[in-house]
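A structural walkthrough
Take a look at the letters that make up each chain.
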Amino acid sequence: MRLRISLPVVLMLGAVAAAHAQGLARGAQDGRERGEAIAGPLGAVVGGAIGAAVGTANSMLGIDRRERFRIYVIGERRPSFAYAGPVRVGTVLPEDGVIYYDVPSEFALPNYNYTIVNDHPVLVEPRTRRIVEVIE
């Protein structure tokens, strides 16, 4: 027997599931997976769409600081590290060759660094060198 859940409930659950996701792709994936687990194929579609929207809004910098940070990084004219792999959230950068910079205190991210990879500013978790946000 299949459990039936109303569309508003799926929308709400998809949004809640993605509330902690970082960025569009991760939010969409989390929302899709959780929506599908709860309500099947329709839940996957709805959860993915809601998760993408919520994940984008809840990025590390948030909507209001994202553009300011991008402008700041461009103004700094830092060199770009050439990386052969994909530049996306979750990518772990190599130990050698990448220069990391402190995020200015005005952006309230004291536990992160930034760098430029393939001409894209990225926020990085310093201990793991993992990209936590790509600034487009």
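This report concerns the structure included in the present document. (Residues numbered from 1 in each chain as written. Predicted model: local features only at pLDDT ≥ 70, side-chain atom pairs only at ≥ 80, totals over all residues. Heavy atoms only, no water.)

When glycine is set aside, most residues are seen to have a negative phi, and most peptide bonds are trans. A positive phi is found at Asp119, a non-glycine position, where the angle reads about 65 degrees. The residue Asp119 is located in the loop between β2 (113-117) and β3 (120-125) in this model. (Helix = DSSP H or I, 4+ residues; strand = E, 2+ residues; numbered from the N terminus.)

A side chain with one charge may pair with a side chain of the opposite charge, provided their charged atoms come close. Scanning the entire structure with this criterion turns up four salt bridges. Close ionic contact of Glu133 with Arg66 constitutes a salt bridge, the shortest N to O distance being 2.1 Å. Of this pair, Glu133 sits in strand β4 (residues 130-134) while Arg66 sits in helix α3 (residues 62-76), placing them 67 residues apart in sequence. Judged by relative accessible area, Arg66 falls into the partly exposed class, the value being 23%. Salt-bridge contacts for Arg68 lead to Glu106; the nearest nitrogen and oxygen are separated by 3.9 Å. Residue Arg68 is found in helix α3, and its partner Glu106 is found in the loop between β1 (101-102) and β2; the two are separated by 38 residues along the sequence. Residue Glu106 is classed as exposed on the basis of its relative accessible area, which comes to 52%. (Salt bridge = Lys/Arg side-chain N within 4 Å of Asp/Glu carboxyl O. Buried < 20%, exposed > 50% of the residue type's maximum accessible area, 1.4 Å probe, protein only.)

What follows covers the sheet that holds β2. If you walk across this open sheet you meet the four strands as β1-β2-β3-β4, and the pairing is antiparallel. The sheet is open, and its two edges are formed by β1 and β4, each paired on a single side. Pairing of β1 with β2 involves two bridges; the strand directions are antiparallel. Note on β2: the bridge partner recorded for Tyr101 is Tyr114. Where α3 meets the sheet, it contacts β2, β3 and β4, and its direction lies at approximately 65 degrees from that of β2. (Pairing = 2+ DSSP bridges. Contact = heavy atoms within 4.5 Å. Axes fitted to C-alpha atoms, helices over the stretch in contact; angles between N-to-C directions.)

Along the chain, Gly97 turns up in the loop between α3 and β1. Classification of Gly97 by relative accessible area gives exposed; the value is 59%. Taking the C-alpha atoms as reference points, Gly97 and Tyr83, 14 residues apart in sequence, are found 10.0 Å from one another.

This part covers the nonpolar core. Core analysis: the largest hydrophobic core is formed by 13 residues, its most contacted members being Leu61, Phe69, Val103, Leu109, Tyr114 and Leu123. Of all elements in the fold, only α3 and β2 reach the threshold of two or more residues within this core. Filtering out sequence-adjacent residues up to four positions away, Val103 remains in contact with Phe69, Leu109, Tyr112, Asn113, Tyr114 and Leu123. In this structure, Val98, Val117, Val124 and Ile131 belong to the second largest nonpolar core, which totals eight residues. (Core = buried A, V, L, I, M, F, W, Y, C linked by side-chain atoms within 4.5 Å.)

So, on to the pairing of β3. Among the six residues in β3, five count as buried, and that is most of the element. As judged from the five bridges shared by β2 and β3, these two strands associate in the antiparallel manner. If you follow Tyr114 over to β3, its bridge partner there is Leu123. In sequence, β2 turns back onto β3 through a hairpin of two residues, with Asn118 there showing a positive phi of about 50 degrees. Pairing analysis gives four bridges linking β3 to β4, with the strands arranged antiparallel. Residue Val124 lies in a different strand from β4, and its bridge partner there is Ile131. In textbook terms, the turn of a hairpin is the stretch between consecutive antiparallel strands, and for β3 and β4 this stretch comprises four residues, one of which, Arg129, has a positive phi near 65 degrees.

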